[in-house]
Amino acid sequence: MRLATRNRLSSGGVLSLPLVWTFLFLFIPYAILFIYSFWEKKFPTFVPAFQFGNYLELMVDPQYVRVLLRTIKIAGLVSLLSLLLAYPYAYFLVHKVKRPGVKLVLYMAVVLPLWVSYLLRAYTWKTILGTQGILNSFLVSTGILSEPSSVFLYNQTAMVVTLTYVFIPFMVMPIYAALEKIPGSLTEASRDLGMSAIQTFVRVTLPLSMPGVIAGFTMTFCLSFGDFIAPFLVGGPDGMMIANVIATQFGAALNWPLGSALALVMLVIVLTIITLSDRLQGVGRGKYA
Amino acid sequence: MSEVIRIENLRKEFGDVIGVADVSLSIERGEYVTLLGPSGCGKSTLLRMIGGFEAPTSGTIWLDGEDVTDLPPNQRAVNMVFQDYALFPHMTVGQNVGYGLRVSGTPRAEIKPRVAETLSLVGLTDKADTSPAELSGGQRQRVALARAIVRHPKVLLLDEPLSALDANLREQMQVELRNLHNKVGLTFIMVTHDQSEALVMSDRVVVMRDGRVSQTGDPVSLYDAPANSYVADFIGATNLFASPVKASNGKIFVSCFGQELEIDHPAVDGVPAAERLFGFRPEKARLVRANGSVPQGNLLKGRLENVLYHGAMIRSVVVVGEGRILVDTLLDDTFDPARHAGTGDEVFVDIDPHKIMPFARDGAS
Amino acid sequence: MTMGVSTDTVDTQMGRAPARRRGSATARRAETWASNAFFYGMVGFVLAFLYIPIAVLIAFSFNSSRSLSWPMTGVSLEWYARLLANEDLLEALWNSVYVAAAATALTLIIGVPAALALDRFDFPGKGLFRKLVLLPIALPGIITGISMLIMFRMIGFNLSLETVILGHATALVSVVVTQVFARLQRLPRSYEEASADLGASGLQTFFLVTLPNIRTAIIGAALLSFTLSFDEIPVTFFLTGRDNTLPMYIWSTLRRGLTPEINAVGALIVVFSIVLITLSVVLTRDKSGKRG
């Protein structure tokens, strides 16, 4: 038996289980989802068909486009807010904290909440922002408000705050990694060549950390984009996101083919963003000499 | 002595790239053979095929009369010292050395003394229970050696074994490796890109280029009679120049950067020929100060551009026409700095006609 | 969490570089002060943003009244007592442990060989395989959930905790693959070559050399996988039958209104998470140090 053949055989042994699993539980379900999106709803069940009615409905009925745009807007705001908070934090960790112990503690402080139940982290904002919540009772007791206000909860702002809270670690981690990877000699060289600290940041550090920013942005955007728990907990009537609409199609509305079509739209958007992000990171990713 | 490895028309292609192009080679038992060449010349690929880590595209490898071409590494009586040593970080030095015995089912009672014996051979008796991470570079190198020879392989492969060490340690390890080779009597095949290392350590050097063997020979013959300009240039320094051959008055002349030099070499007959390559070693030439008069000899006239101090000798860079000629002068007791030319001076390079070597135009022989 | 940074850990003397020498000392000091104030402010804000909600969650689990408004009315353990008496909740908790443990086992059985294959072997369709395996990490869980729901329905599978396990494993294999793959990439191939060279078979090499060197990555991935499964909602939402997992139970009680009982569960989960994190830090610490 030739050496190459032997390698192929042993790799086959290692591979068979993951391959079968991937085919059975990833490939087939996605394929079925795709096929299902062309089916028709004929009460009380769904019948196989090949028609674009579901996709047509998504385009014609303005509520779907509205939800889609809203979801993109909210996910974008969440990513932006996360970036504004995460970048200075990561920069502080990498460039200002000298003691490794302190650095580790401050880094872990951001990562730790990920281990605490996502649902509970979202839930706690409901208790904070509600009319009976801490924020209101605090503002009333300090006299800033005369009576509890309902403006804090059940709106898009509450969703943006909650989702930022939940997903900000995914922004800090890649930015921290990108900043940490930049050799100190580069910023030193820039300062040595007469650039100020701010110039150095704008011309050297920021461009070199862009792959981390893009990765973080992509992560937080995709995660917020597909979320359906925060809208349920803290979003109001105008807070429905695309995942909620899909869930409804599989629940109360009972229109699986339409839900599948919507899920495919979501899939395509997420994949496009990831591909785009990979390209962008590829452009920014260079080897440090 | 008998043949331990025979390689026949061994070829390795990586897609469109040819790593090793139809190499044939025979290695005697107990020989210390070095595969020498720049990176990308195929030397490591050849070594890895002998070890079984790469499957050849075609050709055969015989180990002690047995065709091992298609055997995986664990079924070949060949062991390797890796460039990064590849010491298992989760095992002690002793466990590392004993690993080969352990996986082949050697009884525990036998493993321990053999590990101890091998460690003492490399001078690390007291390090058996240490973690590899705590060792110095040279010590790790010795553990890697011990691990590879504990099973008494028919051939020991060494992939750039000294490249990770700094200069002083490397020289010391060169001697140690050579001593170890004499002590254990195994066949060593080493890969290196360092020509001086190859000359110092080997019984025989295989110079490779572009996947082919350019020349095989013992260090002395490689240095004194390089088969082609590539070998001449890669091993030691050589002043190379291209020239047609001219005959007059029973003497043969070549032109070195526009100036005529007499050549007297058995391979060059008096027949005028098209351009080919010639060269001479820097230490075979002599530097003569101009002093207004033209001295006797086979001379090139030039200007001294630079003098590079090398400790035991100096290397003078002389501009001759459009080229540069190197001349090495040994700094022995006869050397008089006051009489040596200074930078910018007019000088002559004197070269014995016997010392000029002719080469084939192309590096491949 | 308070700001544990003292001034000496912070580089206050940024004036070493030549550019700074042009400004006056006062301007320099003011600039440094402003920059430090900005960074301390941001770091303090982020930490407060991250930890005040968790503190609130835990604090109210000890509140003596039902209301979740400030100030707290008093301290009591009533909600913890109720929680321990709540059989539905305990059953959901047990279900979650069962699901998370089984899903984690599956992710390891599939994920470790998948990572090995991706790192060590070349095979036709490798690109597609990698994309598919890693897809769930970026894809919203809801898509994994509904696509598997439709499949199970088509082949007439009844939804149960077992379908949830399959769903979780599918979604979380990517976690194991990325973690183990990253470690394998850092593991020099020469280790395995050396092992084979010394006469070890493929299995011997895997168990004696590869596995010990990726052990910590596997443990870390397993703990992460367990935590994520324990907390999972989007996939569970679509794939569970009559049985509830803990997050699904909490989810359903949330529909009925807020109670400090949920805070008590939350506080316990926080404590449990801290235990898991500590465990993961202790277990995944690399004792072998630098490679030899």
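From a predicted model like this one, the values you see are computed outputs, not experimental measurements.

### What about the overall build of chain A?
Secondary structure assignment for chain A yields 13 helices and two strands. Against the compact-globule benchmark of 19 Å for 289 residues, chain A has a radius of gyration of 24 Å, which places it well outside the compact range. With the C-alpha coordinates aligned to their principal axes, the bounding extent of chain A is approximately 85 × 70 × 35 Å. Within the span of chain A, comprising 289 residues, buried residues form 53% of the whole. The contacts in chain A between residues at least 6 apart in sequence include a share of 68% that link residues at least 24 apart. Counting every atom, chain A has about 13000 Å² of accessible surface; 71% of that belongs to carbon and sulfur. Taken as two groups, the 20 positive and 10 negative side-chain charges of chain A have centres that lie 12 Å from each other.

### Thoughts on the overall build of chain B
Across its full length, chain B carries eight helices and 20 strands. Projected onto its principal axes, the C-alpha coordinates of chain B cover approximately 80 × 45 × 35 Å. By the burial criterion, 52% of the 365 residues in chain B qualify as buried. Contacts in chain B between residues far apart in sequence, at least 24 positions, make up 67% of those at least 6 positions apart.

### Some remarks on the interface of chain A and chain C
With 83 residues of chain A in contact, the opposing surface of chain C contributes 92 residues. Both faces considered, chain A and chain C share a buried interface measuring about 7900 Å² in area, 82% of it formed by carbon and sulfur atoms. Looking at the side of chain A facing chain C, the largest losses of area belong to Trp-21, Lys-96 and Trp-115 of chain A, adding up to 11% of the total buried there. Taken together, chain A and chain C are joined by zero salt bridges. The tally of links between chain A and chain C comes to eight residue pairs in polar contact (both at pLDDT 80 or more). Among the elements that make up the side of chain A that touches chain C, the one with the highest residue count is helix α1 (residues 3-36) of chain A (19 residues). Within the side of chain A that touches chain C, the residues separate by chemical class into 61 nonpolar, 16 polar and six charged.

### Some remarks on unusual backbone geometry
Residues and elements named next belong to chain B. Of note in the backbone geometry, Ala-86 takes a positive phi value of approximately 50° without being a glycine. Inspection of the secondary structure assignment puts Ala-86 in the loop between β6 (78-81) and α2 (93-103). Relative accessible area serves as the criterion here: at 1%, Ala-86 is assigned to the buried category. A positive phi is found at Phe-257, a non-glycine position, where the angle reads about 50°. Looking at the secondary structure, you find Phe-257 in the loop between β12 (251-256) and β13 (259-263).

### With respect to the sheet that holds β6 of chain B
Residue and element names in this part refer to chain B. Read across the open sheet, the six strands follow the order β6-β7-β8-β3-β9-β10; overall the sheet is mixed. Strands at the two margins of the open sheet, each flanked by one partner only, are β6 and β10 (212-217). Each strand axis lies, on average, 20° off the axis of its neighbour in the sheet, ignoring direction.

### Here's the deal with the pairing of strand β16 (residues 299-309) of chain B
Residue and element names in this part refer to chain B. As judged from the five bridges shared by β16 and strand β19 (residues 346-351), these two strands associate in the antiparallel manner. Bridge assignment links Gly-302 to a residue of β19, and that residue is Val-347. Two successive antiparallel strands, β16 and strand β17 (residues 313-320), enclose a turn made up of three residues, where Gly-311 displays a positive phi of approximately 90°.

### Brief notes about the interface of chain C and chain B
Counting residues at the interface gives 22 residues for chain C and 24 residues for chain B. Taking both sides of the interface into account, the surface hidden between chain C and chain B amounts to around 2100 Å²; carbon and sulfur atoms contribute 56%. The interface formed by chain C and chain B includes one salt bridge. Arg-48 of chain B serves as the salt-bridge partner of Glu-193 of chain C, at 2.5 Å between the closest nitrogen and oxygen. Going through the elements one at a time, α7 (189-197) and α8 (202-230) of chain C are the ones with two or more residues in the side of chain C that touches chain B. The biggest single contributor to the side of chain C that touches chain B is α7 of chain C, with seven residues. Within the side of chain C that touches chain B, the residues separate by chemical class into nine nonpolar, nine polar and four charged.

### Brief notes about the nonpolar core
Ranked by internal contacts, the top residues of the largest apolar core, which has 118 residues, are Ile-246 of chain A, Ile-5 and Ile-189 of chain B together with Ile-142 of chain C. Sort the elements by how many residues they give to this core and helix α6 (residues 161-186) of chain C lands first, with eleven residues. Among residues more than four places away in sequence, those in contact with Ile-189 of chain B are Ile-5, Ile-27, Val-33, Leu-35, Leu-47, Ile-50, Val-155, Leu-156, Leu-157 and Leu-158 of chain B. Formed by 88 residues, the second largest nonpolar core is a distinct cluster that contains Leu-233 of chain A together with Met-42, Phe-60 and Ile-250 of chain C.

### Thoughts on the sheet that holds strand β2 (residues 17-28) of chain B
Residues and elements named next belong to chain B. Read from one edge to the other, the open sheet built from four strands follows the order β2-β1-β4-β5, with strand pairing classed as antiparallel. With one partner strand each, in any of the chains shown, β2 and β5 (66-67) form the two edges of the open sheet. Looking at chain direction, strand β4 (residues 58-63) and β5 are connected through two bridges and run antiparallel. Along β5, the bridge assignment pairs Leu-63 with Glu-66.

### A look at the domain arrangement of chain B
Residues and elements named next belong to chain B. Examined at the domain level, chain B breaks down into domain 1 (3-232) and domain 2 (233-290 + 297-363). In this structure, domain 1 and domain 2 have C-alpha centres spaced 38 Å apart. Contacts between the two partners involve 18 residues from domain 1, matched on the other side by 15 residues from domain 2. Of the roughly 1400 Å² buried where domain 1 meets domain 2, counting both sides, 59% is carbon and sulfur surface. Sorting the residues of domain 1 by area buried against domain 2 places Tyr-223, Ser-229 and Ala-232 first, and these three jointly supply 44% of that buried surface. Put simply, domain 1 and domain 2 have zero salt bridges between them. Counting across the interface, domain 1 meets domain 2 through eleven residue pairs in polar contact (both at pLDDT 80 or more). Among the elements of the structure, α6 (195-201), β9 (204-209), α7 (219-224) and α8 (229-234) are those that each provide at least two residues to the side of domain 1 that touches domain 2. Among the elements that take part in the side of domain 1 that touches domain 2, α8 stands out by supplying four residues, more than any other.

### Structural notes on the pairing of strand β3 (residues 32-36) of chain B
Residues in a regular strand project their side chains so that they alternate between the two faces of the sheet. Residues and elements named next belong to chain B. For β3, the buried fraction is high: five of the five residues fall into the buried class. With burial as the criterion, each face of β3 is covered, one bearing Tyr-32, Thr-34 and Leu-36 and the other bearing Val-33 and Leu-35. Examined bridge by bridge, β3 and strand β8 (residues 187-192) share five bridges and lie parallel to one another. The partner of Leu-35 across the bridge, within β8, is Val-191.

Cut-offs used in this document
Residues numbered from 1 in each chain as written. Chains lettered and ligands numbered in written order. Predicted model: local features only at pLDDT ≥ 70, side-chain atom pairs only at ≥ 80, totals over all residues. Heavy atoms only, no water. Helix = DSSP H or I, 4+ residues; strand = E, 2+ residues; numbered from the N terminus. Rg over C-alpha atoms; globule rule 2.2 N^0.38 Å. Buried < 20%, exposed > 50% of the residue type's maximum accessible area, 1.4 Å probe, protein only. Contact = heavy atoms within 4.5 Å. Areas by Shrake-Rupley, 256 points an atom, 1.4 Å probe, with all protein chains shown as cover. Lys, Arg positive; Asp, Glu negative; His and termini not counted. Charge placed at Lys NZ, Arg CZ, Asp CG, Glu CD. Buried area = accessible area lost by both parts, 1.4 Å probe. Salt bridge = Lys/Arg side-chain N within 4 Å of Asp/Glu carboxyl O. Polar contact = N/O pair within 3.5 Å; in protein donor to acceptor, adjacent residues only side chain to side chain. Nonpolar A, V, L, I, M, F, W, Y, C, P; charged D, E, K, R; others polar. Pairing = 2+ DSSP bridges. Axes fitted to C-alpha atoms, helices over the stretch in contact; angles between N-to-C directions. Core = buried A, V, L, I, M, F, W, Y, C linked by side-chain atoms within 4.5 Å. Domains from an automatic or database assignment.

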